[in-house]
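What follows is the residue order along each chain.
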Amino acid sequence: MNEIDLHGFTHDEAVFAAENFVLLESQDELFQCRIITGNSYKMHERIIEMLNKHNFRYYIPSWNTGEIVVSN
């Protein structure tokens, strides 16, 4: 599973990078990818807002709340 790690990005940079990454990954109709956000609640909110805008499915694993797994 491909992933992007957003540590070290500003929130604006992270949303832009994650959006580009997920849109690129979604070109494969059966894709699944991981966005590593860390434990920032604000970062999670911004990324989830972006995912909802594009109607992606996602979940946050209970064993690692610092990541979001995305599919379509």
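That block above? That's the structure.
Here is what the cut-offs are and how they apply
- Residues numbered from 1 in each chain as written.
- Predicted model: local features only at pLDDT ≥ 70, side-chain atom pairs only at ≥ 80, totals over all residues.
- Heavy atoms only, no water.
- Phe/Tyr/Trp six-rings, centres within 6.5 Å; stacked < 30°, edge-to-face > 60°.
- Helix = DSSP H or I, 4+ residues; strand = E, 2+ residues; numbered from the N terminus.
- Buried < 20%, exposed > 50% of the residue type's maximum accessible area, 1.4 Å probe, protein only.
- Pairing = 2+ DSSP bridges.
- Axes fitted to C-alpha atoms, helices over the stretch in contact; angles between N-to-C directions.

Q: Go over the packing of aromatic side chains, please, and point to the residues and values.
A: Evaluated as defined, the whole model comprises one aromatic pair. Their ring planes at 85° and their centres at 5.7 Å tell us that phenylalanine 31 and phenylalanine 56 sit as a pair that is edge-to-face. Of this pair, phenylalanine 31 sits in the loop between helix 1 (11–25) and strand 2 (32–36) while phenylalanine 56 sits in the loop between helix 2 (41–53) and strand 3 (57–59), and the two are 25 residues apart along the sequence. Look at phenylalanine 31 and you get buried, because its relative accessible area is 5%.

Q: Tell me what's going on with the sheet that holds strand 1 (residues 2–5), and back it up with residues and numbers.
A: Backbone-to-backbone hydrogen bonds join strands into a sheet, with any given pair of strands oriented parallel or antiparallel. Ordered in space as 1-2-4-3, the four strands form an open sheet in which the pairing is mixed. On the outer flanks of this sheet lie strand 1 and strand 3, each paired with one strand and no other. The mean angle between the axes of side-by-side strands here comes to 20°, regardless of whether they run parallel or antiparallel. As paired elements, strand 2 and strand 4 (residues 67–71) share five bridges and run antiparallel to each other.

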